[in-house]
Amino acid sequence: MSDSIKYLLDEARLPRSWYNIVADLPTPPPPFLNPETQKPVVTDDLIDLFPETVIEQEFATERDIEIPGPVRDIYRQWRPSPLHRARRLEKVLDTPAKIYFKYEGVSPTGSHKPNTSVAQAFYHKEGGVKRLATETGAGQWGSSAAFAGSLFGLEVDIYMIRASYEQKPYRRALMETYGARCVPSPSNETVVGRGMLAKKADHRGSLGLAMSEAVEVARRRDDTGYALGSVMNHVVLHQTVVGVEALAQMEMAGDYPDIVIGCTGGGANFAGIAFPFIGEELRGGRKTRIIGVEPAACPSLSRGKFAYDYGDAGHLLPLMKMHTLGSNFQPPGFHSAGLRYHGMAPLVSHVMDLGLMEARSYHQSKIFEAGILFARTEGILPAPEANHAIRGAIDEALRCRTEGRSEVILFNLCGHGHFDMHAYIDHAEGKLRDIDYDEGELAKSLATLPMEQVAAA
Ligand SMILES: *Cc1c(COP(=O)(O)O)cnc(C)c1O
């Protein structure tokens, strides 16, 4: 293995450090702003929510950030995660391209999310809290937070979008098995939740609202910290363990990707695999095409505005400059709950703005076709979110066939779909609809972006 890569790994080929792309970017990302004062956020603004080390990571500018020993010890249970070549998929596509995928479904909860939940739980425990408050949509993040909390002896309170709470009993059961408490959101436990219920007693919930409930609880209680599954810089940082491993594994395979692909919800799994490759390029190494794939029903990177927006419905989190559809945007129903967030990680948004990546979107019938072909050739049944990345990879492989090019494609298979069989059943029964978002609703939502109003006033 080349020295430049070898130094990244320990004797078990586990990364020693996470990779912070801020160190290599030509310009720093725009600062977070305090939602009340609209001044750049300082440590004090976040101290009620996060332990100091996490806040340091949020603002960090150094390239390599050491993974603590106790976190690496837990990672070792499933990391390094496998890198596979999808030879049977290549064969049915009859493509000269090589398709590699990094499989994050081997984690205890079946997705990439424990890469950060374990780190966050470790830092919160070290910081002295007894409890974590967090939100979850489909339950992938909630089960990963519950798992991590159980390892470090932290109680975990999870505000789960009410619609999912009712529709996804198995994810809820998993969280409760790990010992977490699951509360349907909006709930009566918070000012934000009670306010929503007063307006609409049968409110179905949204991710932004569940986030506000968890943030409110963490702010109010000294013994409680806040954890989140995507979007913020420290979460993106923890996910880079995926890409650092992939750099080394691609070298072992004797290849280097021409294209790296990930699905984008809040942006964390995508950034996790892509940022270390973008870093190679920024430091003068090989150039890689980087593609983020999102649902056509919630296309923040392709159709959103790059502007300051609220991260949560209650406006408690910092204002972040990101590709956003507006915090009031309600996407139509589709089967990839992990990709329903209105915004995009500020670091991913900045990378997009710098022209270092591209984005594309697909309707759900197209991505399920891709996921089913993948299951039938490679045997792994992907999470609906991951099907977006697979669709992107297949389309690039088909382009390579047309153009007669043998490019190397790498995508992140960020989770398995064993808890998402209802979506596959709906697909099999022909019940999936390709619903477009409403252009008028999007325009209305974008018209309420906070800083745009300040600028206009
Ligand atoms: C949460 C989740 C996503 C979306 O989140 P990102 O922050 O964009 O990674 C995608 N896939 C799976 C399997 C998830 O659990």
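Residues numbered from 1 in each chain as written. Predicted model: local features only at pLDDT ≥ 70, side-chain atom pairs only at ≥ 80, totals over all residues. Heavy atoms only, no water.

A.B. asks: How should I be thinking about the environment of Lys-91 in this particular structure?
C.D. replies: Here Lys-91 lies in helix α5 (residues 87-93). As a C-alpha pair, Lys-91 and Ser-230 span 139 residues in sequence and 35 Å in three-dimensional space. (Helix = DSSP H or I, 4+ residues; strand = E, 2+ residues; numbered from the N terminus.)

A.B. asks: Explain the domain arrangement of the chain to me, please; I cannot follow it from the model alone.
C.D. replies: By the assigned domains, the chain splits into domain 1 (73-110 + 235-456) and domain 2 (114-228). Buried area between domain 1 and domain 2, summed over both chains or domains, comes out near 2300 Å², and the portion from carbon and sulfur atoms is 65%. Scanning the region where domain 1 abuts domain 2 turns up eleven residue pairs in polar contact (both at pLDDT 80 or more). Looking at the side of domain 1 that touches domain 2, the elements that each hand over two or more residues are α4 (69-75), α12 (233-239) and α13 (241-253). Considering each element in turn, the side of domain 1 that touches domain 2 owes the most residues, three residues, to α12. Looking at the side of domain 1 that touches domain 2 residue by residue, the classes come out as 14 nonpolar, nine polar and five charged. (Domains from an automatic or database assignment. Buried area = accessible area lost by both parts, 1.4 Å probe. Polar contact = N/O pair within 3.5 Å; in protein donor to acceptor, adjacent residues only side chain to side chain. Nonpolar A, V, L, I, M, F, W, Y, C, P; charged D, E, K, R; others polar.)

A.B. asks: How should the nonpolar core be read in this particular structure?
C.D. replies: When a protein is soluble and globular, its nonpolar side chains tend to lie buried together. Counting residues in hydrophobic clusters, the biggest one holds 98 residues, and the most contacted among them are Trp-18, Phe-50, Tyr-226, Phe-275, Val-348 and Leu-410. Considering each element in turn, this core owes the most residues, eight residues, to helix α14 (residues 268-282). Looking at which domains feed residues into this core, each of domain 1 (73-110 + 235-456) and domain 2 (114-228) supplies at least three. In contact with Val-348, not counting residues within four places along its chain, are Gly-267, Phe-270, Ala-271, Phe-275, Leu-301 and Met-357. (Core = buried A, V, L, I, M, F, W, Y, C linked by side-chain atoms within 4.5 Å. Buried < 20%, exposed > 50% of the residue type's maximum accessible area, 1.4 Å probe, protein only. Contact = heavy atoms within 4.5 Å.)

A.B. asks: Help me out: how do you make sense of the layout of surface pockets in this one?
C.D. replies: As a volume, the largest pocket reaches approximately 1100 Å³. Secondary structure elements with two or more residues in the lining of the largest pocket: α8 (162-167), α9 (169-177), α11 (207-220), α18 (384-403) and α19 (421-428). Ranked by residue count, the leading element in the lining of the largest pocket is α19, at five residues. When the residues that make up the lining of the largest pocket are grouped by side-chain class, the tally is 20 nonpolar, 18 polar and ten charged. (1 Å grid on protein atoms, 1.4 Å probe; cavity = no way out; pocket = protein on both sides within 12 Å on 5 of 7 lines; lining within 4 Å. Points joined across faces, edges and corners; volume = space filled by probe spheres on them.)

A.B. asks: Where do I start with helix α10 (residues 191-199) in this structure?
C.D. replies: Taken together, the buried positions of α10 are occupied by Val-192, Gly-193 and Leu-197. Take α10 and look down its axis: the buried residues cluster within an arc of 130 degrees, on one side only. Seen from the buried face of α10, the exposed residues on the opposite side, beyond 90 degrees, are Val-191, Ala-198 and Lys-199. Summarising the contacts, the buried residues of α10 are in contact with α11. (Arc of directions from axis to C-beta.)

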